[in-house]
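Residue-level structural notes
Each chain, letter by letter, is given below.
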Amino acid sequence: MGIFIQQIVNSLSVGSVIILVGLGVTIIFGLTGIVNFAHGEFVMVGGMVTWVLVSSGANFFVALLAGGVAVGALGLLLERTLFRFTLKRPMNGFIVSLGLVVLLQHIVIRALNTNQKSILDPMGDVVWQVGSVRIVAMRLVVVVITAIVVAVTFFTIQRSRYGMALRASLADRETASLMGIPIRRYIAAVFAYGSFLAGLGGALLIALFPVTAFLGTTITVRAFAVALIGGLGNVTGCVVAGIILGLINGFSAGYGLPQWTDAYSFGLMILILLVRPQGLLSGTEGPSVG
Amino acid sequence: MSLRISGLQKTFDGVVALAGVDIDVTLDKILGIVGPNGSGKTTLVNVVTGTFAPTAGHVTWEGVDITGKPASAIARLGIARSFQQAMTFSGLTVEENVQVAWDHRSRRRRMRSLWTSPDELLELVGLSDARSSIAGALPFGNARQLGIAICLATLPKLLFLDEPGAGLSDAELEPLTELIKQLHSMGIGVCIIDHNMNMISALCHRLVVLDFGTKIAEGAPSAVLNDPKVREVYLGEDL
Amino acid sequence: MHVVTRPTKLGKRIRFSRGAAGAAFVIVALLAAPWITHSYRFLSIAISAGIATITLYGLAILFGQTGLLSMAQAAFMGVGAYTATILARAIGLGFWSSIPFAMIASAMVAGVLGVFSLRVISAQYFIIVTFAFGALFSIIMINGGSFTGAATGLDVGPIGSVLGINLNKIRNFYYLTVFFVLASILVTYLISISPYGRTLRAIRENELLARSVAIVTDFHKIAVFMLSGLFAGLAGVLQAHFLQHISPALYETFPSVYLALMVMIGGPRMLYGPLAGAIIIYFLPEVLHLDPVDARIAYGAALVMVIMLLPSGLIGGFIDLYRRATARARQRYGEDPE
């Protein structure tokens, strides 16, 4: 039993990062309809920015924020220059993101290299012992930070009046633009924020594990899985889905089948898409175009 | 040979679009379905021709229950419909548009068909000269004509025309009206959904009036248009 | 776009002879290549490009004609490759006999995936499902133990001979590849000019309208997905015998992304688009002495630019330029635009 708890505790931190990254996907895809398959690459860039800063002596938490903001800015730039022109033809936006996958991965390889990048534990390798379970302090910090960001996101997007207006106007763009609501700016804002979340996720990841330039592809599908299973645009759903998947991963690792863990996420996602496309907690199916 | 719609209901996420409609359509009389915006006219066509499945009720065609069948099956059975938005295969040429529908026309009806090639259909709607144009570049009126040609290429027995006159100038309405009369004289059943009362009164032998998803009047145009219930629903509109 | 009058006989003859000339040029160029350069490296790259071309034509029919983008094409190549290799190891199946098995296996897998995913969900979800499948396939292969060779993969035996020609010699393997490439182009051409091709394009242009003219779109979408699997399966077997080793890494997400990139850059709706895309991607770095990393940066950027500016791919872009330059001459001969 202790092994399972240990496994679950271990996978909590990675699971919460996946929730964070999935949150970015769910609000971007769910609210603006933009499918950005380079989202994983955004995560990787966030991790790399943090690594560069920490390696140059910056404080981790400053670098964490910088990583998030840098990727948020990148997202804003890409939305303004590329994605905004593909809103009428979502397929083009998707293909553009494929190009970005290749582009971002290899720009990072050119700028840095293909080696693993890692940083020293920002919490100084502190470990707490609770009964038979070892809790690495940094992992707890990751979970706490994620929880705070998710809560903030939940309250701004799901609960606040601003958030509700945002979601309503993005769901019915025609009416909203006729009412003079700056839809384009909302879309840009959502995309930038979702990208910020990705960058933040990457920065948190590098505090836990070494990161390579190829991190992106492994993250993207898992993030989409969490977003789709939970229901697009639904913050709570994303959290629930992330928890479910995290538990499954924990159990499968506990049973000694760690290589299959991703298979469960993908399998479950495919299943959900076919059986209940709006996700477990009912999200949008992506807003109608135009 | 007819279409029987009985007790048809359709609800979208709590919004009732059709609240139980009964209509009989025969091929010998041109039927008009009218009603204000939101009365459920297009939903009725969508449900009958298979774009949506009804929430309740039945549709029977030539004695066979076709309720809930997919659009492709219903087209194969001989019911065709044109769309309000003048839908075409926009990236293909005009002749390819008609050709592709022609390729999939019913085997059974091909023997008794009045037309022997898609060219005749292009001729009929007056688009022979534009055969090599890209459909997406057609002016609106021509796109409408193409839409009708595409429908006809499926060799239908019954044709639903969804707001065929909308967006057309008076000059363009003339040939359209003539075309519809011609199709009717060829033995094709026609059912027109529209607002345009001039066209409706000129063409239709029978009218059905819908309001909020229910039928509020039915009969010959002169009778229906003088019905106080109908006038009330069209308050202020020029009948 | 402008309205054009009926094509004259002369116009039709010009179009036909242009098409035939184009085909002749391509065939001659492909066949003559090894005589122009005897370099092993050149032939090796050419074979890789050729294998990619075969699978790209499958993707072109699926995406270019029908409008469905699949991120599972590399995974389907893997299905073919693993089927052939495992059968070879288990029952000693030779190259030629393994081809139909591989192609059918890939088509079957595509069929099952298609039945589940093509009827209900939108095009964007379909892409995500194929992406997920690609990732899933890798995981399954890695966890297949000694049956699938796990992460290290399996060795593939030598290809053997046909009609006395030793296919292990690289030049002969090259010609084998060219044979399959030409076959792929021919099949794609026949499909695109046939009523079936027209049906696929109709589904691409307006699926709702297609259904209302009695086209059973679900059936056709699944069928064309399986067809793309056939191409991938064939390419997978060929690649397995060329590399003489297969491993899950060959069929992961990135190769699928890269294939999509190739077909977009070349032009998914043009007859020689996939061929051009593969040649450009494989040979440009050689010709320009580009580092592979720099080359990929260029490709990523190129894809973004092509999609934003030249939706019909590079080849389409060139053809547009050519058309605009020769518009007057063509009007005289009454040619109609494609």
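Residues numbered from 1 in each chain as written. Chains lettered and ligands numbered in written order. Predicted model: local features only at pLDDT ≥ 70, side-chain atom pairs only at ≥ 80, totals over all residues.

Listed as interface residues are 34 residues of chain A and, on the opposing side, 35 residues of chain C. Looking at the side of chain A that touches chain C element by element, the count peaks at 16 residues for helix α4 (residues 90-111) of chain A. Residues belonging to the side of chain A that touches chain C are distributed by class as follows: 25 nonpolar, seven polar and two charged. (Contact = placed C-beta atoms within 7 Å. Helix = DSSP H or I, 4+ residues; strand = E, 2+ residues; numbered from the N terminus. Nonpolar A, V, L, I, M, F, W, Y, C, P; charged D, E, K, R; others polar.)

Let us now look at the arrangement of the chains. Counting contacts across all two pairs of chains that touch, the top-ranked interface belongs to chains A and C. For the non-touching pair chain A and chain B, the nearest C-alpha separation works out to 13 Å.

Residues and elements named next belong to chain B. Spatial ordering of the open sheet is given by β2-β1-β4-β5, a layout of four strands whose pairing is antiparallel. With one partner strand each, in any of the chains shown, β2 (15-26) and β5 (64-65) form the two edges of the open sheet. Of the pairings in the sheet, the one linking strand β1 (residues 2-12) to strand β4 (residues 56-61) comprises five bridges and is antiparallel in character. Looking across to β4, one finds that R4 is bridged to T60. Its contacts with the sheet place helix α1 (residues 41-48) against β1, β2 and β4, and it is angled at close to 70 degrees to β2. (Pairing = 2+ DSSP bridges. Axes fitted to C-alpha atoms, helices over the stretch in contact; angles between N-to-C directions.)

Our focus in this paragraph is the pairing of β1(B). A regular strand places its side chains on the two faces of the sheet in alternate fashion. All names here are of chain B. Strand direction decides the pairing type here: β1 and β2, joined by nine bridges, are antiparallel. Within β2, the position partnered with T11 by the bridge is V16. Linking two consecutive strands that pair antiparallel, namely β1 and β2, is a turn of two residues; a positive phi of about 50 degrees is found at D13 within it.

Counting residues in hydrophobic clusters, the biggest one holds 266 residues, and the most contacted among them are V21(A), V226(A), A149(B), A132(C), L234(C), L261(C) and L303(C). In this structure A149(B) touches V98(B), L121(B), L122(B), V125(B) and L127(B), once residues within four positions along its chain are discounted. (Core = buried A, V, L, I, M, F, W, Y, C linked by C-beta atoms within 7 Å. Buried ≥ 20, exposed ≤ 12 C-beta atoms within 10 Å, placed from the backbone.)

Now for unusual backbone geometry. In the Ramachandran plot, F212(B) falls in the positive-phi region, its phi being about 50 degrees despite a non-glycine side chain. Accessibility expressed as a C-beta count within 10 Å gives 15 for F212(B), which makes it partly exposed. We note that H289(C) has phi near 50 degrees; this positive angle belongs to a residue other than glycine. Position of H289(C) among the secondary structure elements: in the loop between α12 (273-287) and α13 (292-309). With 7 C-beta atoms counted inside 10 Å, the residue H289(C) sits in the exposed group.

A few words on the interface of chain B and chain C. Of the residues lining the interface, 25 residues belong to chain B; the matching set on chain C comes to 19 residues. When contributions to the side of chain B that touches chain C are tallied by element, the ones reaching two or more residues are α2 (71-76) and α3 (94-103) of chain B. With five residues, α3(B) is the largest single contributor of residues to the side of chain B that touches chain C. For the side of chain B that touches chain C, the residue count by class is twelve nonpolar, nine polar and four charged.

All names here are of chain B. Reading across the sheet, the six strands line up as β6-β7-β8-β3-β9-β10 and stay open at both edges, with mixed pairing between neighbours. Taken across any chain shown, the strands that pair with only one partner, and hence form the sheet edges, are β6 (79-82) and β10 (214-219). Between one strand axis and the next, the sheet turns by 20 degrees as a mean value, whatever way the strands run. The pairing of strand β3 (residues 31-34) with strand β8 (residues 189-193) spans three bridges and is classified as parallel. Note on β8: the bridge partner recorded for G32 is I192. Strand contacts of helix α6 (residues 140-153): β6 and β7 (158-162), with the helix running at about 170 degrees to β6, the strand carrying the most contacts.

Turning our eyes to something else, we now look at the environment of S212(C). Summarising the element assignment, S212(C) is placed in helix α9 (residues 207-212). Separated by 14 residues in the primary sequence, S212(C) and R198(C) have C-alpha atoms spaced 15 Å apart. Residues within four places of S212(C) in sequence aside, it is in contact with T49(B), A71(B), A75(B) and R81(B).

To continue, consider the packing of helix α2 (residues 40-65) of chain C against α12(C). The description of two packed helices rests on the angle between their axes and on the distance between the axes. Residues and elements named next belong to chain C. Packing of α2 against α12 leaves a shortest axis separation of 8 Å and a crossing angle of 150 degrees. Relative to α12, α2 is oriented so that their crossing is right-handed. Together, I45, S48, A49, A52, T53, L56, Y57 and A60 of α2 and G273, P274, L275, G277, A278, I279, Y282, F283 and E286 of α12 make up the contact between the two elements. Here the residues of the contact of α2 with α12 sort into twelve nonpolar, four polar and one charged. (Left-handed = near helix turned anticlockwise from the far one by under 90°.)

Let us look at the confidence of the model for chain B. On average, residues of chain B score 88 in pLDDT, and 97% of them reach the 70 mark or higher. Across the interfaces of the predicted complex, the ipTM metric reaches 0.91, alongside a pTM of 0.88. (pLDDT = per-residue confidence, 0-100.)

This part covers helix α6 (residues 161-171) of chain A. Residue and element names in this part refer to chain A. For α6, every residue scored as buried is listed here: L166, S169 and L170. Seen from one end, α6 has its buried residues packed into an arc of 100 degrees, which puts them on one side. With respect to the buried face of α6, the exposed residues turned more than 90 degrees away are R161, M164 and A168. (Arc of directions from axis to C-beta.)

On to the pairing of β7(B), then. Residue and element names in this part refer to chain B. Summarising burial for β7: five of the five residues are buried, a large majority. Burial along β7 is two-sided: the face carrying L158, F160 and D162 and the face carrying L159 and L161 are both buried. When β6 meets β7, the two strands line up parallel, connected through four bridges. Across the sheet, A80 pairs through a bridge with L159, a residue of β7. One ladder, built from five bridges, connects β7 with β8; its direction is parallel. If you follow L159 over to β8, its bridge partner there is V190. Taken together, β7, helix α7 (residues 170-185) and β8 constitute a β-α-β crossover, and its handedness is right-handed. (Right-handed = clockwise from strand over helix to strand, strands pointing away.)

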